[in-house]
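Spelled out, the chains give:
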Amino acid sequence: MTTPKLEIKNVDKVFKTKSGDTTALQKTSFTIDDGEFVTILGPSGCGKSTVLRIVAGLEEATTGEVLLDGQPIDGPGPDRGMVFQSYTLYPWLTVKENISFGLKLKGARQKERDDLARHYLQLIGLEGFENHYPVQLSGGMKQRVAIARALANDPKVLLMDEPFGALDAQTRNIMQEVLLRAWEKSKKTILFITHDVDESIFLADSVYVMTARPGRLKKKVPIDIARPRDFSVKATNQFAQYKEELLSLIREESLKSI
Ligand SMILES: Nc1ncnc2c1ncn2[C@@H]1O[C@H](COP(=O)(O)OP(=O)(O)OP(=O)(O)O)[C@@H](O)[C@H]1O
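All figures in this text were calculated on a predicted structure; none of them were measured in a lab. (Residues numbered from 1 in each chain as written. Predicted model: local features only at pLDDT ≥ 70, side-chain atom pairs only at ≥ 80, totals over all residues. Heavy atoms only, no water.)

## Examining the side chain of Glu-253
At step 1: Counting through the fold element by element, Glu-253 comes out in helix 8 (residues 237-256).
At step 2: The residues touching Glu-253, leaving out its near neighbours within four places in the chain, are Pro-43, Met-210, Thr-211, Ala-212 and Lys-218. (Helix = DSSP H or I, 4+ residues; strand = E, 2+ residues; numbered from the N terminus. Contact = heavy atoms within 4.5 Å.)

## Thoughts on helix 1 (residues 48-56)
Since the α-helix packs 3.6 residues into each turn, any two residues three or four apart lie on the same face.
At step 1: By the criterion of burial, helix 1 is predominantly enclosed, with seven of the nine residues buried.
At step 2: Positive phi appears at Gly-57, one or two residues downstream of helix 1, with a value of about 85°. (Buried < 20%, exposed > 50% of the residue type's maximum accessible area, 1.4 Å probe, protein only.)

## Here we look at the confidence of the model for the chain
At step 1: Summarising the model, the chain shows a mean pLDDT of 93, and 99% of its residues fall at 70 or more.
At step 2: For this predicted complex, the interface score ipTM comes out at 0.97, while the overall pTM is 0.93. (pLDDT = per-residue confidence, 0-100.)

## Here we look at the site of the ligand
At step 1: As a structural note, the neighbourhood of the ligand is formed by 15 residues, with Ser-44, Gly-45, Lys-48, Thr-50 and His-195 the closest of them.
At step 2: In this structure, an oxygen atom belonging to the ligand sits 3.0 Å away from a main-chain N or O atom of Gly-47.
At step 3: Take His-195: an N or O atom from its side chain is 2.8 Å from an oxygen atom of the ligand.
At step 4: Look at the ligand: alone it shows 630 Å² of surface, and the protein chains cover 66% of it.
At step 5: Mapped onto the shell around the ligand, the elements with two or more residues apiece are strand 1 (6-17), strand 2 (20-32) and helix 1.
At step 6: Here the element with the most residues in the shell around the ligand is helix 1; it accounts for four residues. (Near = heavy atom within 4 Å. Polar contact = N/O pair within 3.5 Å; in protein donor to acceptor, adjacent residues only side chain to side chain. Areas by Shrake-Rupley, 256 points an atom, 1.4 Å probe, with all protein chains shown as cover.)

## Notes on the sheet that holds strand 8 (residues 189-193)
At step 1: Here six strands make up an open sheet; going across it, the order is 6-7-8-3-9-10 and the pairing mixed. Since the sheet does not close on itself, it has two edges, and those belong to strand 6 (80-83) and strand 10 (217-222), each with one partner. For this sheet, the mean inter-axis angle between neighbouring strands, taken without regard to orientation, is 20°.
At step 2: Pairing of strand 7 (residues 157-161) with strand 8 involves five bridges; the strand directions are parallel. Across the sheet, the residue bridging to Leu-159 is Leu-191, located in strand 8. (Pairing = 2+ DSSP bridges. Axes fitted to C-alpha atoms, helices over the stretch in contact; angles between N-to-C directions.)

## A short note on helix 8
At step 1: Counted at 1.5 Å a residue, the expected span for helix 8 with its 20 residues is 28 Å, and the 29 Å between its end C-alpha atoms agrees.
At step 2: Residues of helix 8 that are buried include every one of Phe-239, Tyr-242, Leu-246, Leu-249, Ile-250 and Glu-253, and no others. Projected down its long axis, helix 8 shows its buried positions confined to an angular sector of 105°, all on one face. Across helix 8 from its buried face, at more than 90 degrees, point the exposed residues Asn-237, Gln-241, Glu-244 and Leu-255. (Expected span 1.5 Å × (residues − 1). Arc of directions from axis to C-beta.)

## Digging into the sheet that holds strand 4 (residues 63-68)
The strands that make up a sheet are held in pairs by hydrogen bonds between backbone atoms, and each pair lies either parallel or antiparallel.
At step 1: Sheet architecture is open: four strands sit in the order 2-1-4-5, paired in antiparallel fashion. Two strands lie at the open edges of the sheet, namely strand 2 and strand 5 (71-72), each paired on one side alone.
At step 2: Inspection of the sheet shows strand 4 paired to strand 5 by two bridges, in the antiparallel sense. When the bridges of strand 5 are listed, Leu-68 appears paired with Gln-71.

## Re the packing of aromatic side chains
Where two aromatic rings form a pair, the distance of their centres and the angle of their planes describe that pair.
At step 1: Scanning all chains against the criterion turns up six aromatic pairs.
At step 2: Aromatic pair Tyr-90 and Phe-101: ring centres 4.7 Å apart, planes at 50°, arrangement tilted. Separated by eleven residues along the polypeptide, Tyr-90 in the loop between strand 6 and helix 2 (95-99) and Phe-101 in helix 3 (residues 101-105) bring together distant segments of the chain.
At step 3: Three or more aromatic residues joined by ring pairs make a cluster, and in this case those are Phe-37, Phe-164, Trp-183 and Phe-192. (Phe/Tyr/Trp six-rings, centres within 6.5 Å; stacked < 30°, edge-to-face > 60°.)

## What to know about the nonpolar core
At step 1: One finds Ile-99, Leu-179 and Leu-246 to be the most contacted residues of the largest nonpolar core, which totals 52 residues.
At step 2: No other element matches helix 5 (residues 139-152), which puts eight residues into this core.
At step 3: Among all residues touching Leu-179, those that are not within four sequence positions of it are Phe-37, Ile-147, Met-160, Phe-164, Ile-190, Phe-192 and Leu-203.
At step 4: Leu-6, Leu-52, Val-157 and Leu-159 belong to the second largest nonpolar core, which has 23 residues in total. (Core = buried A, V, L, I, M, F, W, Y, C linked by side-chain atoms within 4.5 Å.)

## Overview of the pattern of salt bridges
When the charged atoms of two side chains with opposite charge come close together, those side chains can pair.
At step 1: One pass over the full model with this rule turns up 24 salt bridges.
At step 2: Here Asp-115 ties to Lys-111 by a salt bridge, and the two come within 2.6 Å at their closest N and O atoms. Of this pair, Asp-115 and Lys-111 both sit in helix 4 (residues 110-123), separated by four residues, roughly a single helical turn.
At step 3: Owing to a relative accessible area of 59%, Lys-111 belongs among the exposed residues under this scheme.
At step 4: One connected set of salt bridges, linked through shared partners, spans Lys-5, Asp-34, Asp-69 and Lys-156. (Salt bridge = Lys/Arg side-chain N within 4 Å of Asp/Glu carboxyl O.)

Right, dumping it as structure tokens:
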């Protein structure tokens, strides 16, 4: 049997605050295989972002462990790329420089950095914008650059927390396809948090639904829709059935948290 890429094992997370303790996660366990695209859905406040931050090494689990390629994670590291809702591009660097920034830190030559930036610009459909600055780009374009930059650092896992949450509906749909096309070529392992059930089904190999806080894995729903996928799958009966199942699981949990 092969080792999963990512193992979250019996993770508890208790936040200690002046107003008391908050148990965000309780015995949360799941695994993600190499190259798998996993999305997490769950009621608001169930601990989705907390899981992601623990995997990123930005928060410590109170108990339990997180293994990447069988090794415990120890703080943040370049083996885990992150893309959040807010665009964290360097405003003083061009698109090309933003994408190849990690390679520059590793001491790569200009030619190697330019080649890398060109490859990822092509992957996310932003050819011709290499010398633009972030302020000259739309929200969707900035998020494309953030994805390209995360992939260009060649992480073992890409962690995405509501990356398209701030975009309008049309741009969001386009970004879902941009991400899928990039993922089909890079085959990175992805852990993706979203509130959007359609987005979750469209992107994922498996959707993990979490319980109301404290968060645990409630159900793993494998999405057996053929790839490559395009927006037309959203109009199929199969898609509608997944949506009904997931909405009902989330509704059940959301009612508990009211
Ligand atoms: N730094 C913190 N200090 C104290 N409590 C926290 C902290 N971070 C999160 N929490 C609490 O832990 C619980 C889980 O939060 P988290 O942000 O992980 O949920 P979520 O499922 O991502 O929520 P949403 O879907 O609304 O973004 C919440 O009750 C939240 O208030």
